[in-house]
Every structure is written in C-alpha cells, then in structure tokens.
Amino acid sequence: MEVSVSSASGAGGVQSVDRALDILEIMAAAGGQIGLSELAETAGLPLPTIHRLTRALVARGYVRQLPSRKYVLGPKLVRLGESASQSIGAWSRPHLAELVRVTGETANMAVLDDAMAVYVAQVPSEHSMRMFTEVGRRVYPHCTGVGKALLAQLPDDAVRGIVTRTGMPQQTPNTVTDPEALLADLATIRARGYAIDEGEQEVGVRCFAVVVPGAPTPTAVSISGPAARVTLESAEHVVPTLRRVAADLGAEFGSAAL
C-alpha cells in the first residue's frame, strides 16, 4: 500500500529541518554560548518558534542549556562529527594517495571549523623523512598552507574576525603575525590560485595548498615536505596536480549532496 504525504505537511517538515540546522550553524558561528533572544534575532524567526526548535534539539542531545539559560552545542554532535570525519577520510584517501603518487610528498585535507583549520584526512609520503599531522589536529589558519587557502575563501572582514578571536601566535621566525600582512598574503593567494606555507608552522617545511571547489564547507588540500625537496620551482608541476585532485574531490562532494 502506498502512503502519501500532503505537500503542505512535507514543506513544513523540510522547513523545520532547515530551521533546526540554521540554529545549529548559528550556535557554531557564535563560538560559544548564545541566548534565545540573540538566536531568534540572528535567525530572523519568532521567539516561540526558536524556543520550540531549540527544546527539540535539547531533548535529542544536539543542544545543551547551561545554568545561565544560554545554549551551546550538545555532546551528541561529537559522535556525528567523528562519523562524518571517518567517512570523509575513507572516500578522500584514494584522491590524496594520487597526490602522494605524483608528488612524492605527504597529502592532507583540512576544513575550516569555526576559527581553526582541522585536518580530516592524510596520506603520508613514502620518504623516510616526511611530514606527519594527526588527523583531527586543529591548527591556526594564519600560519599553514591549508589554513591560508581556507581563509582566502572568506571576505577580509571575516578573516579579521577570526584572527581577532584566535590571535596570531608566532610558531616560527617566518610566521606572519600582523593582520594586514596576512590580508596582503591572502590577496596574493587569491590572484595566484594557491597558498604557500614557507616554514611558517614548522621550520624547514614547505607546503602548497588549494581550495576544494564546490565543497559544502571551506575545504583545502595540500602537499607538504622538507623545503629541500618541495622547492618553489616544484610548484610548476605540483600545483596543477593539486588543482586536478581538488576538482575531483569537489565533484564527489557535489554528487554526495544529490
């Protein structure tokens, strides 16, 4: 027997899902606690609607209410995030392995999570001297290739907001610690089409990174290795490979959304 659902009911259900997801994204963007009134104002929804949706999210463990009556993201999202990260790592691994095969260097994929770059997948180089970054590691975006590629996708005001929240700690003598100098570097990255980490996170390491087009959240891929092997001249053959692999990853993101 075929069960039909009225279009009005279906539309209302989809709208509720959209609004609930908006609430989660607003909470994440708030970078911490947020009150119900501020949540309603940001979402552009009536307070009773926000209250109803928020209570449903609290009941399911996706949102938590603090003693202050403000709301934060709930612990259940951690499990979803871990599962999503594992899934992304599994299907992106063949693409990153192709990067390693062609360039000989460690390949990484990272996403922008609030104000930090988070590594979600990696395939290491076969060289005995190679770079290794633990999947799940959070790094400052101002001093890494993937981080700067991610920031370059944002307007300058958004970048200023991020570095105001995180600061720009100096990791090496090469680290850029001035916001205006960072913005100038990002303008160069946008014009050039790829980011370079010139030993800004680790001394003696160079990294090339490009964005993944069409990804649902800012995403970048990179290769990194000792500066003696990853020379500036090697960008001539490394960057086209990075762009090709990034386009393939973007196409998979697109097909997954269908």
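Quick summary incoming for the structure in this document. Quick caveat, the model's predicted, so the values are computed rather than measured. (Residues numbered from 1 in each chain as written. Predicted model: local features only at pLDDT ≥ 70, side-chain atom pairs only at ≥ 80, totals over all residues. Heavy atoms only, no water.)

## Considerations on the environment of Ala227
Within the secondary structure layout, Ala227 lies in the loop between strand E8 (219–226) and helix H8 (235–257). Ala227 gets classed as partly exposed once you look at its relative accessible area, which sits at 26%. If near-sequence neighbours (up to four positions away) are discounted, Ala227 is found in contact with Gly204, Val205 and Arg206. (Helix = DSSP H or I, 4+ residues; strand = E, 2+ residues; numbered from the N terminus. Buried < 20%, exposed > 50% of the residue type's maximum accessible area, 1.4 Å probe, protein only. Contact = heavy atoms within 4.5 Å.)

## Describing the packing of helix H6 (residues 156–166) against helix H7 (residues 179–192)
The interhelical angle for the contact between H6 and H7, taken along N-to-C directions, is 135 degrees, at an axis separation of 11 Å. With respect to their mutual orientation, H6 and H7 come out oblique. Considering how the two elements wind past one another, H6 and H7 form a crossing that is right-handed. Residues Asp156, Val159, Arg160 and Val163 of H6 form the contact with H7, whose own contacting residues are Pro179, Glu180, Leu182, Leu183, Leu186 and Arg190. Grouping the amino acids of the contact of H6 with H7 by side-chain chemistry returns 6 nonpolar, no polar and 4 charged. (Axes fitted to C-alpha atoms, helices over the stretch in contact; angles between N-to-C directions. Parallel < 35°, antiparallel > 145°, perpendicular 65-115°, else oblique. Left-handed = near helix turned anticlockwise from the far one by under 90°. Nonpolar A, V, L, I, M, F, W, Y, C, P; charged D, E, K, R; others polar.)

## Topic: the pattern of salt bridges
In the structure shown here, the tally under the stated rule is 10 salt bridges. Residues Glu180 and Arg160 are paired through a salt bridge, measuring 3.5 Å at the closest nitrogen-oxygen approach. Of the two residues, Glu180 is situated in helix H7 and Arg160 in helix H6; the sequence distance between them amounts to 20 residues. We classify Arg160 as partly exposed; its relative accessible area is 32%. Measuring nitrogen to oxygen at the nearest pair gives 2.8 Å for the salt bridge that ties Arg206 to Glu198. For Arg206, a relative accessible area of 12% puts it in the buried group. (Salt bridge = Lys/Arg side-chain N within 4 Å of Asp/Glu carboxyl O.)

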